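# Architecture at a glance
Letter by letter, the chains look like this.
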Amino acid sequence: MPRQTARRIWLSARIAKQAAADDELSETTCVDPKFRREIDRIDAKAEEESNYQKYAAKRQLDEARSARATAQARLDAAAPKDKRKARIARNDADGAVRRAERAARKAGL
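In this report, the structure presented in the accompanying data block is examined. (Residues numbered from 1 in each chain as written. Predicted model: local features only at pLDDT ≥ 70, side-chain atom pairs only at ≥ 80, totals over all residues. Heavy atoms only, no water.)

### Re the overall build of the protein chain
This is how the line gets drawn: Runs of H or I in DSSP of at least four residues are treated as helices and runs of E of at least two as strands, each being numbered from the N terminus. Think of it in three bands: residues with accessible area under 20% of the maximum for their type are buried, residues over 50% are exposed, and the middle band is partly exposed, with areas taken using a 1.4 Å probe on protein chains only. Two residues qualify as a contact provided that any one of their heavy atoms is within 4.5 Å of a heavy atom in the partner residue.
Counting its secondary structure elements, the protein chain contains three helices and zero strands. Across the protein chain, helices and strands are ordered from the amino to the carboxyl terminus as α-α-α. Projected onto its principal axes, the C-alpha positions of the protein chain cover 85 × 20 × 15 Å. Looking at the protein chain as a whole, 21% of its 109 residues are labelled buried. Expressed as a percentage of contacts within the protein chain between residues at least 6 apart in sequence, the contacts between residues at least 24 apart total 61%.

Pasting the structure below:
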């Protein structure tokens, strides 16, 4: 991602430099279209990566919530001697849900 950002900045600078060389009265432009195409390609790849991260974060959150519900059900159904282990498992599942929620917020969900 940092490499793509640096490349995009470099391309934008090249386009600005070429645009500055344009003649206002001319209908043709000095800006090389390959620079614009490359910026479009970088933007499309970034959008695709963002969508994948959102999908992965949502899936992880759904799995964590399901695991927490299972752990809560086991705690509710546990015999008195097994309550401690079930509570620890539920607390671990709660932590996983909090981490997944944080990742989902970071991904933009």
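### Considering a positive patch on the surface
Heads up, the condition is: What goes into a patch is any residue over 30% in relative accessible area without a salt bridge, connected to like charges within 9 Å or, for nonpolar side chains (Val, Leu, Ile, Met, Phe, Trp, Tyr), within 5 Å. Accessibility throughout is a Shrake-Rupley quantity obtained with a 1.4 Å probe, and a residue counts as covered only by protein chains that appear here. Definition used for salt bridges: Asp or Glu carboxyl oxygen within 4 Å of a side-chain nitrogen of Lys or Arg. His is not counted, nor are the chain ends, whereas Lys and Arg count as positive and Asp and Glu as negative. To locate a charge, take atom NZ for lysine, CZ for arginine, CG for aspartate or CD for glutamate.
Where like charges cluster on the molecular surface, the positive patch consists of Arg 98, Arg 99, Arg 102 and Arg 105. Here Arg 99 is to be found in helix H3 (residues 83-107).

### Notes on the nonpolar core
Put simply, the test is: Nine residue types can take part in a nonpolar core, namely buried Ala, Val, Leu, Ile, Met, Phe, Trp, Tyr and Cys, and a core is a set of them joined through side-chain atoms within 4.5 Å.
Counting seven residues, the largest nonpolar core consists of Ala 57, Leu 61, Ala 64, Val 97, Ala 100, Ala 104 and Ala 107. Only helix H2 (33-77) and H3 provide two or more residues apiece to this core. A per-element tally of this core places H3 first, with four residues. In this structure, Ala 107 is in contact with Gln 53, Lys 54 and Ala 57, ignoring residues within four places of it in sequence. Listed in part, the six residues of the second largest apolar core include Leu 11, Ile 15, Phe 35 and Ile 39.

### Things to note about the packing of helix H1 (residues 2-20) against H2
Relative placement of two packed helices is described by the angle separating their axes and the distance separating the axes. The cut-off we apply is this: Only the stretch in contact is used when a helix axis is fitted, and all axes are lines through C-alpha atoms; the angle between N-to-C directions ranges over 0 to 180 degrees. Oblique is the label for any angle not covered by the other classes, which are roughly parallel (under 35 degrees), roughly antiparallel (over 145) and roughly perpendicular (65 to 115). Left-handed describes a crossing whose near helix is turned anticlockwise from the far helix through less than a right angle; right-handed describes the clockwise counterpart. Side-chain classes are defined by residue name, with Ala, Val, Leu, Ile, Met, Phe, Trp, Tyr, Cys and Pro counting as nonpolar, Asp, Glu, Lys and Arg as charged, and the others, Gly among them, as polar.
Interaxial distance between H1 and H2 falls to 10 Å at its minimum, and their mutual angle equals 150°. Judged by the inter-axis angle, H1 sits roughly antiparallel to H2. In this structure, H1 crosses over H2, and the sense of that crossing is left-handed. Between H1 and H2, the residues in contact are Gln 4, Arg 7, Arg 8, Trp 10, Leu 11, Ser 12, Arg 14, Ile 15 and Gln 18 and Phe 35, Arg 36, Glu 38, Ile 39, Ile 42, Asp 43 and Lys 45, respectively. Split by residue class, the contact of H1 with H2 holds six nonpolar, three polar and seven charged.

### Remarks on the pattern of salt bridges
Tallied over the entire structure, the rule returns eight salt bridges. Residue Asp 62 is joined to Lys 58 by a salt bridge in which the shortest nitrogen-to-oxygen separation is 3.7 Å. Note that Asp 62 and Lys 58 are positioned in helix H2 at a spacing of four residues, about one turn of the helix. Assessed through its relative accessible area of 37%, Asp 62 is described here as partly exposed.

Spatial relationships are all this shows, so hold off on functional conclusions.
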